[in-house]
Amino acid sequence: MNTHNPNDFRYRVHRPEDTQMPYERVPLAVRTLSSNTLFQGEHEIGIEHHGALYRLKITRQGKLILNK
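Residues numbered from 1 in each chain as written. Predicted model: local features only at pLDDT ≥ 70, side-chain atom pairs only at ≥ 80, totals over all residues. Heavy atoms only, no water.

S.K.: What am I meant to see in the overall build of the chain here?
M.R.: Secondary structure summary: the chain contains one helix and five strands in total. Listed by position from the N terminus, the elements making up the chain come as β-β-α-β-β-β. Partitioning the contacts of the chain with sequence separation of at least 6, the portion at a separation of at least 24 is 1%. In the structure as shown, the chain presents an accessible area of about 6500 Å², 51% of it carried by carbon and sulfur atoms. (Helix = DSSP H or I, 4+ residues; strand = E, 2+ residues; numbered from the N terminus. Contact = heavy atoms within 4.5 Å. Areas by Shrake-Rupley, 256 points an atom, 1.4 Å probe, with all protein chains shown as cover.)

S.K.: Would you take a moment to explain the pairing of strand β3 (residues 44-49) for this structure?
M.R.: Note that β3 and strand β4 (residues 52-58) share six bridges and pair antiparallel. Looking at β4, one finds that Glu44 is bridged to Lys57. The antiparallel hairpin formed by β3 and β4 contains two residues in its connecting segment, where His50 sits at a positive phi of about 50°. (Pairing = 2+ DSSP bridges.)

S.K.: Would you explain the pairing of strand β5 (residues 64-67) in this entry?
M.R.: Two faces make up the sheet, and in a regular strand the side chains alternate between them. For β4 and β5, the ladder comprises four bridges, and the chain directions are antiparallel. For Ile58, the partnering residue across the bridge sits in β5 and is Leu64.

S.K.: Would you mind showing me how to read the environment of Tyr54 here?
M.R.: Secondary-structure assignment places Tyr54 in strand β4. By relative accessible area, which is 21% here, Tyr54 ends up partly exposed. Residues Tyr54 and Asn67, spaced 13 residues apart in sequence, show a C-alpha to C-alpha distance of 5.6 Å. Ignoring anything within four residues of it in the chain, the contact list for Tyr54 reads Ile45, Gly46, Ile47, His49, Leu66, Asn67 and Lys68. (Buried < 20%, exposed > 50% of the residue type's maximum accessible area, 1.4 Å probe, protein only.)

S.K.: Mind showing me how you'd approach the sheet that holds β4 here?
M.R.: Backbone hydrogen bonds are what pair the strands of a sheet, in a parallel or an antiparallel way. With respect to topology, three strands assemble into an open sheet ordered β3-β4-β5, the strand pairing being antiparallel. If you trace the sheet from one side to the other, it starts and ends with β3 and β5, each paired once. Sheet twist, expressed as the mean angle between neighbouring strand axes with direction ignored, is 25°. (Axes fitted to C-alpha atoms, helices over the stretch in contact; angles between N-to-C directions.)

On their own, these measurements won't tell you what the molecule is for.
Printed below as a string of structure tokens:
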């Protein structure tokens, strides 16, 4: 079972100077693209990374799969 929260990558935990205060979640600047923009009506795209070709696919259930 995957308990990873997909939104966790957008935040950095910050502890205020006063250690009695709880941790704060500070938003990070993350470049975000819509999957519609990436796929443009297709169900699979190729991504070249360091000379290797990766395939990003949309499954029948609407999830994303990345394969090398």
